[in-house]
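Okay, here's what each chain looks like letter by letter:
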Amino acid sequence: CEIEVDECLSDPCHNGATCVDHLNAFSCVCQDGFQGTTCEANINECHSSPCLHNASCADLIGGYECVCLPGFTGELCETDIDECASFPCKNGATCIDQPGNYFCQCCQCVKGFAGPRCEINVNECSSNPCLHGYCYDIVDGFYCLCNPGYAGLKCDQDIDDCIINACEHNSTCVDLHLRYQCVCLPGWEGTFCEYESNECNSEPCKNNGTCMDLFNSYRCTCTAGWTGADCSEDINECDSEPCLNGATCYESVKQGQFVCICPPFYTGDFCHQRFSPCELPYNPCINNSTCL
């Protein structure tokens, strides 16, 4: 078993490929245009559709050939042949090149018409010149019927709805499409900023306070026991030390009131009156006894 078997002796490679022997195997080096383990498959170079302008592709060994349609040339049929290059039209006629052909325009057309006999009315609306409207074609021109809110020859101008300037009291008009909006200054409201704002509508005064509307402001008149811009602060009636002569002040359960607890021998709402316990009507002694 000292002799290695040459797998290439059976000539397994096709289409002129070169066989390379390996240990218990072989490989084929294919010629251009072939592929496969034994180079048995012809590569279709037309698979990638290399030919342009609807040309036909003919597959060759290791290449391809494009069969061009009339009017085109080049390796890939990429070049449009100018049939007018040879000046085929006589007597001053205009040559118009077409794919694989040409025609001579013998008539001198006026603006707005085209064709060999000027029989075609050029449609100036084909370029969609009207930006926001409908285009009507006329001879050598067009006119635009604009959508609401637009103006101009090509309906390219958004109509400024603030031209009428119906906004009142120095408010700012903001133009919107087919409408506008008034931005009111503080203290004014309404579609046109025509109404003075009633700042009391939001009931800013607390604890049953009375609201008085002012321009762009308000004023609260607070009920007893409350203070502050919106009557939200509880007044401590004892802070002013209304009780005299060392009396003790207590806030009453009734809002806005207080109670003074007087020291001995003082009376009155504020403990401001001094009295003698032996004087009427405080004298506790009876039957003509003497109070000391």
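Residues numbered from 1 in each chain as written. Predicted model: local features only at pLDDT ≥ 70, side-chain atom pairs only at ≥ 80, totals over all residues. Heavy atoms only, no water.

- In the nomenclature of an unreviewed UniProt entry, the chain corresponds to EGF-like domain-containing protein from the organism Spheniscus mendiculus.

### Re the overall build of the chain
Logical step 1: In terms of regular secondary structure, the chain is built from zero helices and 28 strands.
Logical step 2: Taken over C-alpha atoms, the radius of gyration comes to 55 Å for the chain, far larger than the 19 Å a tight globule of 292 residues would show.
Logical step 3: Along the first, second and third principal axes, the C-alpha set of the chain runs to 160 × 95 × 20 Å.
Logical step 4: Counting across all 292 residues of the chain, residues that qualify as buried make up 23%.
Logical step 5: For the chain, restricting intrachain contacts to residue pairs at least 6 apart in sequence, the fraction spanning at least 24 positions comes to 16%. (Helix = DSSP H or I, 4+ residues; strand = E, 2+ residues; numbered from the N terminus. Rg over C-alpha atoms; globule rule 2.2 N^0.38 Å. Buried < 20%, exposed > 50% of the residue type's maximum accessible area, 1.4 Å probe, protein only. Contact = heavy atoms within 4.5 Å.)

### Quick look at the UniProt feature "domain: EGF-like" (unreviewed entry) in the chain
Logical step 1: Taking the UniProt record as the reference, the feature "domain: EGF-like" (unreviewed entry) is found at residues 4–40, 42–78, 80–119, 121–156, 158–194, 196–232 and 234–272.
Logical step 2: Annotated as 0% helix and 32% strand, the span residues 4–40 places its first and last C-alpha atoms 26 Å apart. (UniProt positions renumbered as here; feature names shortened; annotations may be inferred.)

### Considerations on the state of the cysteines
Logical step 1: Taken as a whole and judged by the stated rule, the model has 20 disulfides.
Logical step 2: Disulfide pairing places Cys-46 opposite Cys-57 at an S-S distance of 1.9 Å. The chirality of the disulfide connecting Cys-46 with Cys-57 is left-handed, given an S-S dihedral of about -80 degrees. One end of the pair, Cys-46, is in the loop between β4 (41–42) and β5 (56–60); the other, Cys-57, is in strand β5, and eleven residues separate them in sequence.
Logical step 3: Relative accessible area serves as the criterion here: at 14%, Cys-46 is assigned to the buried category.
Logical step 4: Taking relative accessible area as the criterion, Cys-57 reaches 29% and is therefore assigned partly exposed.
Logical step 5: Note on cysteine connectivity: Cys-222 is disulfide-linked to Cys-231, with sulfurs 2.0 Å apart. Disulfide Cys-222-Cys-231: torsion about the S-S bond near -90 degrees, hence left-handed.
Logical step 6: Of the residues examined, Cys-231 reaches a relative accessible area of 0% and is grouped as buried. (Disulfide = S-S within 2.5 Å.)

### Digging into the packing of aromatic side chains
Logical step 1: Per the stated rule, a full pass over the model turns up four aromatic pairs.
Logical step 2: The interplanar angle of 75 degrees and the centroid separation of 4.7 Å between the aromatic rings of Tyr-134 and Tyr-136 together place this pair among those described as edge-to-face.
Logical step 3: On the accessibility criterion, Tyr-136 (34% relative accessible area) is partly exposed.
Logical step 4: Site record: aromatic cluster; members linked through ring pairs are Tyr-134, Tyr-136 and Tyr-143. (Phe/Tyr/Trp six-rings, centres within 6.5 Å; stacked < 30°, edge-to-face > 60°.)

### Focus: a negative patch on the surface
Logical step 1: Taken together, Asp-234, Asp-239, Glu-241 and Glu-251 make up a surface patch of like negative charges.
Logical step 2: Here Glu-251 shows up in strand β25 (residues 248–251). (Patch = residues over 30% accessible without salt bridge, like charges linked within 9 Å, V, L, I, M, F, W, Y side chains within 5 Å. Areas by Shrake-Rupley, 256 points an atom, 1.4 Å probe, with all protein chains shown as cover. Salt bridge = Lys/Arg side-chain N within 4 Å of Asp/Glu carboxyl O. Lys, Arg positive; Asp, Glu negative; His and termini not counted. Charge placed at Lys NZ, Arg CZ, Asp CG, Glu CD.)

### Here's the deal with the side chain of Thr-38
Logical step 1: The residue Thr-38 is located in the loop between β3 (34–35) and β4 in this model.
Logical step 2: Overall, the relative accessible area of 17% leaves Thr-38 in the buried class.
Logical step 3: Not counting residues up to four positions away in its chain, the partners in contact with Thr-38 are Pro-12, Cys-13, His-14, Phe-26 and Cys-28.

### Digging into the pairing of strand β26 (residues 258–261)
Logical step 1: In terms of strand pairing, β25 meets β26 through four bridges, oriented antiparallel. From the neighbouring strand, Tyr-250 faces β26, where its bridge partner is Val-259.
Logical step 2: As consecutive antiparallel partners, β25 and β26 are separated by six residues, and within that stretch Gly-256 has a phi angle of approximately 90 degrees, a positive value. (Pairing = 2+ DSSP bridges.)

### So, the side chain of Glu-83
Logical step 1: Within the secondary structure, Glu-83 is located in the loop between β8 (79–80) and β9 (94–98).
Logical step 2: Look at Glu-83 and you get buried, because its relative accessible area is 16%.
Logical step 3: A polar atom in the side chain of Glu-83 sits 3.5 Å from the backbone nitrogen of Gly-100.
Logical step 4: Ignoring sequence-local partners within four residues, the contact set of Glu-83 consists of Gly-71, Pro-88, Asp-97, Gln-98, Gly-100, Asn-101 and Tyr-102. (Polar contact = N/O pair within 3.5 Å; in protein donor to acceptor, adjacent residues only side chain to side chain.)

### A closer look at the environment of His-22
Logical step 1: Residue placement: His-22 occurs in strand β1 (residues 18–22).
Logical step 2: As a C-alpha pair, His-22 and Val-5 span 17 residues in sequence and 9.2 Å in three-dimensional space.
Logical step 3: If we skip the residues at most four places from it in the chain, His-22 touches Glu-4, Glu-7 and Ser-27.
Logical step 4: Of note is the side chain of His-22, whose polar atom sits 2.9 Å from the side chain of Ser-27.

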